[in-house]
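This is what each chain is made of:
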Amino acid sequence: MCLYCLGLSPGAGLSRREMLRAGAIGAALPFVASVAPGGAAAQSGPAPADFKRSVEELIARSRSPELAGYRLFTIGGADLPWIDLGLAAAKGQQVSFLVAGRMWIARPYDLWFAPGLVLHARTRGKRPMYSPGVDTGTMTAAHDGPLEIARSAAQFSDEDGSLWTPEAEYRKQEVEIVGVALLWKGDAAAGLSSLAAHGDVGGLIAAEIARLKRGRKLPEGWNNLFSLGGGAEIFGREANGEIVCESAASASIIERPLPLSFATRPKLGWRWKIDQLPSARAEDAPPFHDYLSIGVKFEDGQDLTYFWSAGLPTGKVFRCPLAGWSAVETHMVVDSGAAGLGQWRELERDVAADYAAHIGGPAKAISHIWLLAVTPFQRRRGACRYADIRVATADGAVTKL
């Protein structure tokens, strides 16, 4: 089990009694059946043997003229990134991924990550990495060359896909992911439809066709953080300018570059309406660290996120309880409890002052604004809206995001 991912050793952290105590207050431990954004039940998919057989039979049955090639793959705990699929793509060529299985974090507590959350892919060993965030996705090859895959639960230290997790610990993780990479001659949607006319694989082909039809895109100017994908499935901008966020059993951070010196006295302001909190209890323990947040990243790599807590008091500040993130991330509770949920609230923070008070590092500037939706642990739904996100400086300049 990957207790390392939670920053715990097998003999440390919360006891089973403490873990299960959450059930008495409706926190769903043992965790409830997962729910995907939009209310659809998340699926771990068919068993590996069934998955592979279904894919092979469907491809043989369909004889799709749209399919340039495919590779079935398995990712296990002992596998180190990156795995060469033995399938080469041309720059601009589309490849669809369908995956099933789980990455276990703590099996006794039914704590696991869905395969699409941890799957990453790239071409020719180069940036950018692609991660669907959900169990189906379609990547456009950024380079000519071989396709490679890897697993990472935010365990890459840089955009080149280098691990920060020690290899020995990484290999101990209990992982069983099975998938297929489908390389298309032309449009992925047409290719998938040519397969769907002859059947499906645990509903994954239909899910990817529907996802492509939705055509969701990130708000303009925002990008996925390199270690997490699927942001377009979680964040979207509506016609009125509001950014809508809905997440369950997933994790996404999107960022927008905004370099500003502390000397300008930047203040981050925003309005938000939290419709549902993703955690049922205090978020400062690893198994309950599900939250929706807006944050600031600084030039030294540190970040500070502001969130509405289910159970922590307003004003509480703490380091992230997750391994790796504990070295770089600080959380501040700016509102708490059920009162006020579903209502618009307006907030503003002096980020330079907050950095000085709660981080105190060498940074002299901010570098990015973040929006965060982290919901993989309890697999509950979280939903909110952001409006009027802005950074104002002492000279009166205002950058609207």
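**Quick look at the sheet that holds strand β19 (residues 365-374)**
So, point 1. Ordered by their spatial adjacency, 7 strands build an open sheet running β9-β12-β19-β14-β15-β17-β16, and the pairing between neighbours is mixed. Every interior strand has two partners, whereas the edge strands, β9 (223-224) and β16 (317-319), have only one.
So, point 2. Pairing between strand β15 (residues 303-309) and strand β17 (residues 329-336): 7 bridges, direction parallel. Across the sheet, residue Phe307 finds its bridge partner in β17, namely Val333.

**Considerations on the confidence of the model for the protein**
A low pLDDT score tells you not to read the predicted coordinates there in detail.
So, point 1. In this model, the protein carries an average pLDDT of 91, and 89% of its residues clear a pLDDT of 70 or more.
So, point 2. Within the model, the stretch residues 9-43 combines pLDDT values under 50 with 61 contacts to residues more than four positions away or in other chains.

**Section: the packing of aromatic side chains**
Two descriptors summarise a pair of aromatic rings, namely the distance from one centre to the other and the angle between the planes of the rings.
So, point 1. On inspection of all chains with the given rule, the structure shows 13 aromatic pairs.
So, point 2. Grouped by ring-pair contacts, the aromatic residues Trp270, Trp272, Tyr306, Trp308 and Tyr386 constitute a single cluster.
So, point 3. In this structure, Arg122 packs its charged tip against the face of Trp82, placed 3.9 Å from the ring centre.

**Let's talk about the pattern of salt bridges**
So, point 1. Under the criterion given, the structure shown has 20 salt bridges.
So, point 2. In this structure, the salt-bridge partner of Lys172 is Glu169, at a minimum N-O distance of 3.6 Å.
So, point 3. The class for Glu169 is partly exposed, based on a relative accessible area of 26%.
So, point 4. It is possible to trace a salt-bridge network through shared partners that takes in Glu208, Arg211, Arg214 and Glu233.

**Some words on the side chain of Ser252**
So, point 1. On the secondary structure map, Ser252 appears in strand β12 (residues 251-261).
So, point 2. On the basis of relative accessible area, Ser252 is assigned to the buried category, the value being 0%.
So, point 3. In contact with Ser252, not counting residues within four places along its chain, are Asn224, Leu228, Gly229, Gly230, Gly231, Ile234, Phe235, Leu371, Leu372 and Ala373.

**Focus on the nonpolar core**
So, point 1. Ranked by internal contacts, the top residues of the largest apolar core, which has 45 residues, are Phe73, Leu85, Phe97, Ile149 and Trp325.
So, point 2. Residue contributions to this core peak at 6 residues, all from strand β3 (residues 94-106).
So, point 3. Other than its neighbours up to four places away in sequence, Leu85 contacts Arg71, Phe73, Phe97, Leu147, Ile149 and Ala181.
So, point 4. By size, the runner-up hydrophobic cluster in this structure holds 37 residues, among which are Trp308, Val334, Cys384 and Leu401.

**Structural notes on the pairing of strand β8 (residues 174-184)**
So, point 1. Of all 11 residues in β8, 9 are buried; the element is thus mostly enclosed.
So, point 2. In this sheet, β8 lies alongside strand β1 (residues 67-76) in antiparallel orientation, the contact comprising 9 bridges. Within β8, the residue paired with Arg71 across the bridge is Ala181.
So, point 3. Where β3 meets β8, 10 bridges bridge the pair, whose relative direction is antiparallel. Looking at β8, one finds that Gly101 is bridged to Ile177.

**Re the sheet that holds strand β2 (residues 83-89)**
Two strands in a sheet stick together by hydrogen bonds in their backbones, pointing the same way (parallel) or opposite ways (antiparallel).
So, point 1. Pairing in this open sheet of 3 strands is antiparallel, and the strands run β2-β7-β5 from one edge to the other. Only two strands of the sheet have a single neighbouring strand rather than two, namely β2 and β5 (119-123). Neighbour-to-neighbour, the strand axes of this sheet turn through a mean angle of 25 degrees, independent of strand direction.

**A few points about unusual backbone geometry**
It is generally the case that most residues other than glycine have a negative phi and that most peptide bonds are trans.
So, point 1. A cis amide bond links Pro81 to the next residue, Trp82, at an omega of 0 degrees.
So, point 2. Along the polypeptide, Trp82 turns up in the loop between β1 and β2.
So, point 3. Going from Arg127 to Pro128, the amide bond is cis rather than trans, its omega being -5 degrees.
So, point 4. In this structure, Pro128 sits in the loop between β5 and β6 (136-140).
So, point 5. Located in the positive-phi region is Ala249, a residue other than glycine, with phi close to 55 degrees.
So, point 6. Residue position: Ala249 is located in the loop between β11 (243-248) and β12.
So, point 7. Phi at Asp388 is positive, roughly 55 degrees, even though this residue is not glycine.
So, point 8. Looking at the secondary structure, you find Asp388 in strand β20 (residues 381-392).
So, point 9. Here Asp388 falls in the partly exposed class, since its relative accessible area comes to 46%.

**Description of helix α8 (residues 351-358)**
So, point 1. Listing the buried residues of α8 in full gives Val351, Ala352, Asp354 and Tyr355. One side of α8 carries all its buried residues, which in axial view fall inside an arc of 165 degrees. Those residues of α8 that are exposed and angled more than 90 degrees off the buried face are Ala356 and Ala357.
So, point 2. Elements in contact with the buried residues of α8: β13 (267-276), β14 (291-298), β15, β17, β18 (344-350) and β19.
So, point 3. At the N-terminal boundary of α8, the capping side chain belongs to Asp350, with an oxygen 3.3 Å from the backbone nitrogen of Ala352.
So, point 4. Remark: Gly360 follows α8 within two positions and exhibits a positive phi of approximately 65 degrees.

Criteria and thresholds
Residues numbered from 1 in each chain as written. Predicted model: local features only at pLDDT ≥ 70, side-chain atom pairs only at ≥ 80, totals over all residues. Heavy atoms only, no water. Pairing = 2+ DSSP bridges. Helix = DSSP H or I, 4+ residues; strand = E, 2+ residues; numbered from the N terminus. pLDDT = per-residue confidence, 0-100. Contact = heavy atoms within 4.5 Å. Phe/Tyr/Trp six-rings, centres within 6.5 Å; stacked < 30°, edge-to-face > 60°. Lys NZ or Arg CZ within 6 Å of the ring centre and 35° of its normal. Salt bridge = Lys/Arg side-chain N within 4 Å of Asp/Glu carboxyl O. Buried < 20%, exposed > 50% of the residue type's maximum accessible area, 1.4 Å probe, protein only. Core = buried A, V, L, I, M, F, W, Y, C linked by side-chain atoms within 4.5 Å. Axes fitted to C-alpha atoms, helices over the stretch in contact; angles between N-to-C directions. Arc of directions from axis to C-beta. Polar contact = N/O pair within 3.5 Å; in protein donor to acceptor, adjacent residues only side chain to side chain.

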